[in-house]
Amino acid sequence: MRVLVTGGDGFIGQYLVNNLLQRGDHVHVLDNNITSTPILIHENLTRVKGDVCDILEILPDYSPNVIVHLASVAIPKLYMEQPDLVIRPNVFGTHEVCKLAEKYSARIIFASSSEVYGSIIDDSAIGTAISESDSSISSLLSARTPYSTAKKMGEEIIRSFTQKGHSACSVRLFNVVGPNMDSAVIGYGRVIPNFVESIRELRPLTIYGNGEQTRCFLWIEDAVTALVNLIDYGGELPDAINVGHPQQISILSLANKFQEFSNADVGIIFSPKLPDEPKHRCPDISLAISMLNWRPTVDLDEIIYRVLDEG
Ligand code: UDP
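The structure reproduced in this document is the subject of the present report. (Residues numbered from 1 in each chain as written. Predicted model: local features only at pLDDT ≥ 70, side-chain atom pairs only at ≥ 80, totals over all residues. Heavy atoms only, no water.)

**A look at the site of the ligand**
Okay, so step 1: The full set close to the ligand counts 16 residues, and Asn194, Thr206, Arg215, Glu277 and Arg281 are the nearest of them.
Okay, so step 2: Asn175 has a polar side-chain atom sitting 3.0 Å from an oxygen atom of the ligand.
Okay, so step 3: Here a nitrogen atom of the ligand and a backbone polar atom of Thr206 are 2.8 Å apart.
Okay, so step 4: Contact with the protein chains covers 96% of the free accessible surface of the ligand, which is 510 Å².
Okay, so step 5: Sorting the residues of the shell around the ligand by element identifies helix 6 (191-200) and strand 10 (205-208) as the ones contributing at least two each. (Near = heavy atom within 4 Å. Polar contact = N/O pair within 3.5 Å; in protein donor to acceptor, adjacent residues only side chain to side chain. Areas by Shrake-Rupley, 256 points an atom, 1.4 Å probe, with all protein chains shown as cover. Helix = DSSP H or I, 4+ residues; strand = E, 2+ residues; numbered from the N terminus.)

Put into structure tokens, the structure is as follows:
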């Protein structure tokens with residue numbers, strides 16, 4: 001199979017591309033390398049550096065069977081400062097990806113995000129699992145709007161592509177984590193790599209806000225399995241599908257577990273809460289279970305051991 005992976009040098013991209021190469025696929029990666037570094041080398045891997053918005057000019061004659069469109073920044077602090085880093089790839093880039101896919105009747109798997117549910121207003125102590133068809137009670141106009149609306153706009157562009165009879169699906173990923181995340185922006189990135197780095201340097205863990213916010217973390221290889229299942233899926237794809245781990249943890253408990261598991265009593269520093277961030281974010285994954293026969297296999301404790309071991 002010929003698979004084009006936009007953002008293929010990024011965190012999720014590298015694991016996906018490696019998986020596809022191992023099973024014998026031919027892979028093209030298109031990446032601008034703003035927050036990623038090309039690492040993989042393989043005889044069936046072709047890498048092109050460039051902007052996904054220019055995909056038709058960059059790859060005029062390449063005819064993929066499937067395009068996995070991952071290209072985007074996903075780090076809240078980064079996209080709140082530079083919204084263009086998410087608007088361009090997810091809106092204009094998705095539009096161009098659809099044109100290429102239309103030309104070659106390729107399937108598109110679009111990496112959407114749990115952020116499309118918005119900054120869900122949920123003041124309960126633990127989160128309510130949200131399913132694909134739920135309308136969120138969320139604040140639309142917020143500091144995170146560039147990312148959430150760019151991803152939602154990307155989903156709408158994908159949906160209009162499928163309405164023309166093509167095959168595509170938006171995958172709503174919930175906090176995918178693993179080794180070597182955010183390596184280009186260490187300390188500036190997301191909670192898991194920040195905690196790993198702090199423990200390694202024996203510095204206190206920084207929590208934004210009071211730590212009562214909860215998240216669900218999905219191991220990278222589980223996320224990749226879901227993506228590969230969607231690439232191969234023989235039936236009609238749904239417009240959108242949640243891919244995440246339903247196990248919730250507060251950020252304060254996460255910080256405590258990191259200290260306990262590493263035997264490093266580094267302490268915690270509380271910093272001001274990031275603007276408009278969702279208090280809870282928990283996926284209902286019944287669609288992924290029934291449709292793809294997919295379930296996450298790595299639980300949170302194991303995730304923490306692995307990232308502490310591997311980076
Ligand atoms: N967070 C934190 N310390 C950090 C990085 C993040 O307390 O060093 C918090 C962040 O405010 C959020 C949660 O951890 O409540 C998850 O943040 P992340 O950026 O990993 O993902 P998000 O779910 O916000 O996209």
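**Remarks on the pattern of salt bridges**
Okay, so step 1: Evaluation of the coordinates by the stated rule reveals 15 salt bridges.
Okay, so step 2: With a closest N to O distance of 3.2 Å, Glu96 and Lys99 form a salt bridge. One end of the pair, Glu96, and the other, Lys99, are both in helix 4 (residues 84-104), three residues apart, so they sit about a helical turn from each other.
Okay, so step 3: The partner of Lys164 in a salt bridge is Glu102, and the shortest N-O contact between them spans 3.9 Å. Taken as a pair, Lys164 in the loop between helix 5 (145-163) and strand 8 (168-173) and Glu102 in helix 4 lie far apart in primary sequence, 62 residues in all. (Salt bridge = Lys/Arg side-chain N within 4 Å of Asp/Glu carboxyl O.)

**Observations concerning the environment of Ile241**
Okay, so step 1: Here Ile241 lies in strand 13 (residues 240-243).
Okay, so step 2: Expressed as a C-alpha distance, the spacing of Ile241 and Val27, which sit 214 residues apart in the sequence, is 24 Å.
Okay, so step 3: Filtering out sequence-adjacent residues up to four positions away, Ile241 remains in contact with Glu132, Cys169, Ser170, Val171, Arg172, Leu230, Leu287, Ala288, Met291 and Leu292. (Contact = heavy atoms within 4.5 Å.)

**Remarks on the pairing of strand 1 (residues 2-6)**
Okay, so step 1: The buried fraction of strand 1 is high, at four of five residues.
Okay, so step 2: One ladder, built from five bridges, connects strand 1 with strand 2 (residues 26-31); its direction is parallel. Counted as the bridge partner of Arg2 is His26 from strand 2.
Okay, so step 3: Crossover handedness for the path strand 1 to helix 1 (residues 11-22) to strand 2: right-handed. (Buried < 20%, exposed > 50% of the residue type's maximum accessible area, 1.4 Å probe, protein only. Pairing = 2+ DSSP bridges. Right-handed = clockwise from strand over helix to strand, strands pointing away.)

**Thoughts on helix 4**
Okay, so step 1: The end-to-end C-alpha distance of helix 4 is 29 Å, a good match for the 30 Å that 21 residues give at a rise of 1.5 Å each.
Okay, so step 2: Taken as a whole, helix 4 has its buried residues at Leu85, Val86, Pro89, Asn90, Val91, Gly93, Thr94, Glu96, Val97, Cys98, Leu100 and Ala101.
Okay, so step 3: On its buried face, helix 4 sits against strand 1, helix 2 (55-58), strand 4 (66-69), helix 3 (76-81), strand 5 (107-113) and helix 5.
Okay, so step 4: Remark: Ser105 follows helix 4 within two positions and exhibits a positive phi of approximately 50°. (Expected span 1.5 Å × (residues − 1).)

**Some words on unusual backbone geometry**
Okay, so step 1: Positive phi outside glycine occurs at Ser105, with the angle close to 50°.
Okay, so step 2: Looking at the secondary structure, you find Ser105 in the loop between helix 4 and strand 5.

**Observations concerning the packing of helix 8 (residues 251-262) against helix 10 (residues 300-310)**
In a pair of packed helices, the angle between the axes and the distance between the axes together describe the arrangement.
Okay, so step 1: Contact pair helix 8 / helix 10: the axes reach a minimum separation of 10 Å and the direction vectors enclose 55°. Relative to helix 10, helix 8 is oriented oblique. In this structure, the crossing between helix 8 and helix 10 has a hand that is right-handed. Contacts from Leu254, Lys257, Phe258, Phe261 and Ser262 in helix 8 reach Leu300, Asp301, Ile304, Tyr305, Val307 and Leu308 in helix 10. (Axes fitted to C-alpha atoms, helices over the stretch in contact; angles between N-to-C directions. Parallel < 35°, antiparallel > 145°, perpendicular 65-115°, else oblique. Left-handed = near helix turned anticlockwise from the far one by under 90°.)

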